[in-house]
Amino acid sequence: MLRLLNIELQKLRYNRSAKVISIIYFVLITFIALIASIEFNFGDFHFRVADQGIFNFPYIWHFNTYVAAILKLFLAIVIVSMMSNEYSYRTLKQNLIDGLSKKEFVLSKFLTVLLFAVISTVFIFSVSLILGGYFSDYNEIGIIFSDMEYIGAYFIKLVAFFSFCLFLGVLVKRSAFALGFLIVWQIVEWLSYGLMKWQFFKDTEIADNVAQFFPLNAMANLIKEPMSRLGAIQSAANQLGENFNKDYGVSWLNVLIVLVWTALFIYWSYAILKKRDL
Amino acid sequence: MENILTINNLTKKFGALTAVDNLSFSIEKGNVYGILGPNGSGKSTTLGIVLNVVNKTAGDFKWFDGNIDTHNALKKVGAIIERPNFYPYMTAVQNLQLVCKIKEVSEEKISEKLELVGLLDRKDSKFSTFSLGMKQRLAIASALLNDPEILILDEPTNGLDPQGIHQIREIIKVIASQGTTILLASHLLDEVEKVCTHVVILRKGVSLYSGSVDGMNASHGFLTMQSNDMEKLQKALEGNTAFGTVKREGDFIIAYLNNPMDASEVNKLLFEKGITLSHLVKRKESLEEQFLELTKQN
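Rules of the game
- Residues numbered from 1 in each chain as written.
- Chains lettered and ligands numbered in written order.
- Predicted model: local features only at pLDDT ≥ 70, side-chain atom pairs only at ≥ 80, totals over all residues.
- Pairing = 2+ DSSP bridges.
- Helix = DSSP H or I, 4+ residues; strand = E, 2+ residues; numbered from the N terminus.
- Axes fitted to C-alpha atoms, helices over the stretch in contact; angles between N-to-C directions.
- Contact = placed C-beta atoms within 7 Å.
- Core = buried A, V, L, I, M, F, W, Y, C linked by C-beta atoms within 7 Å.
- Buried ≥ 20, exposed ≤ 12 C-beta atoms within 10 Å, placed from the backbone.
- Domains from an automatic or database assignment.
- Nonpolar A, V, L, I, M, F, W, Y, C, P; charged D, E, K, R; others polar.

## A look at the sheet that holds strand E9 (residues 206-212) of chain B
Residue and element names in this part refer to chain B.
Thinking step 1. Spatial ordering of the open sheet is given by E5-E6-E7-E3-E8-E9, a layout of 6 strands whose pairing is mixed. In this open sheet, the two edge strands, each paired with only one partner strand, are strand E5 (77-80) and E9. Sheet twist, expressed as the mean angle between neighbouring strand axes with direction ignored, is 10°.
Thinking step 2. Note: E5 against strand E6 (residues 150-154), 4 bridges, orientation parallel. When the sheet's bridge partners are listed, Ile 80 is paired in E6 with Leu 153.
Thinking step 3. Those strands touched by helix H10 (residues 287-295) are strand E3 (32-36), strand E8 (198-203) and E9, and its axis lies near 35° from that of E8.

## What to know about the nonpolar core
Thinking step 1. Counting 133 residues, the largest nonpolar core has Ile 79, Val 80, Phe 162, Cys 165 and Leu 166 of chain A together with Tyr 33 and Ile 182 of chain B as its most contacted members.
Thinking step 2. When residues of this core are assigned to their parent elements, the largest contribution, 16 residues, is made by helix H9 (residues 149-172) of chain A.
Thinking step 3. Met 225, Val 246, Ala 255 and Leu 270 of chain B belong to the second largest nonpolar core, which has 10 residues in total.

## Considerations on the domain arrangement of chain B
By a widespread convention, an interface's size corresponds to the accessible area lost as its parts come together.
Residues and elements named next belong to chain B.
Thinking step 1. Looking at the assigned domains, one finds that chain B contains domain 1 (3-216) and domain 2 (222-295).
Thinking step 2. Taking only C-alpha atoms into account, the centre of domain 1 sits 40 Å from that of domain 2.
Thinking step 3. Taken together, the contacts link 11 residues of domain 1 with 6 residues of domain 2.
Thinking step 4. Elements supplying a minimum of two residues to the side of domain 1 that touches domain 2: helix H7 (189-195), E8 and E9.
Thinking step 5. The element best represented in the side of domain 1 that touches domain 2 is H7, accounting for 3 residues.
Thinking step 6. Split by residue class, the side of domain 1 that touches domain 2 holds 9 nonpolar, no polar and 2 charged.

Take a look at the structure:
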């Protein structure tokens, strides 16, 4: 295990673009803190985002993981290129000749994906803890460490998304095309959901029931948007007579779907590699 | 003899094309093998299969005694196929460190092997700055890191300039003299002739010959002769059962031997018949001539 991770890290360690993008990624996550400093002044009305409760425990876990997950696209570039580079440098072939098995090869990539996800999760946990510690109105231990499911969901979401990227890298062999494929796939998911919802199965639940199984949609559903949960928005909605009765929790079915996709992506990467003549 | 690699009825089809057809041969320890064949004869495909990068269609092969996974066996093998493949953004040393990690050998031999191929002074240069000859030499250093049981080289001098070709050849000779088993695939015959003891000859994926270089042709060689009286010489040769084909080629007569015979014996025999020779050379067909003979379309 450690040997495989070591091999992969040796490849990444000296890759300048991978390093730069990873650093940018982590710096951007810390920039979430900057949201706190957003202030408006409408005449007498003074508005400061930090005072709206977005950094209150336990809401901060939900908010930060949701925002940070958007940035995962940066690491996706690193993951996709770390796979497609092996094709373009033809080092995949050389690695196999040198005595790495195809299984070990995929495993070494997957372990790297796990490592990235772990680091990112620990990072977002620390950033949230610090931000919350500074801005939160509630500082009881029990409240601070409630709703930790979002941290778990964040980890699973990253692993699944990176596994998808890895699979695309194996499948398409070219990083630009693989990232293009990713975008096209997202559009395909939206389109097929839209068609089902507003064309074929109008006024039924079928569209939502089917779409929850789409890989990217399932990943997105892991952490639902936290904005409408915010006190200010809730009360605004109440004044308009709207009522949000949304379940913001992490659903087990959803976790299961995402885990199955992750396993499939990794298995398919291996299967493709095994079948291909290099 | 200890077998390093045994190939049994190996077949590879790419769609309708059969690249390797029912190929069998074995590699014994300590010999230097050449796989010969025109372009597209299945050399690289065969090597690709035993090196775990191409899937076989049928047949099998086993490394060493057969009790070891292919990928683990490959840790005891050094191989370079086609172009040298390394990470361009890493230096020579960093690339070799990676290979050591994959092969699970210590990194202490890196300097020694870089020295052997004459790249020690460029060890901290990025791979992308290397010339093709340097890249190829780095590939050889990389293949030697584990002191392999067998070194597999596929067209190692392809695309190199004369100086580069010479350097690679010298390195191969040094390695061969150390007793390492070598498998050299090439279509360059003089390359093979200079270093190999055994050959496997392929054409369209079929093995035409597999064995020692000397045993490749049953012929006992041929003589090139010249005399003052060419007519008499030719008659004398044709009248002797020791000689097969006798033909005139320019100013010379070429006679093929039916059984082993020394040039001095021939000289004596002819002298006794009153023929004096002004030119007498005995030699074997070159590998090239034998190869062309064998791979002739028939």
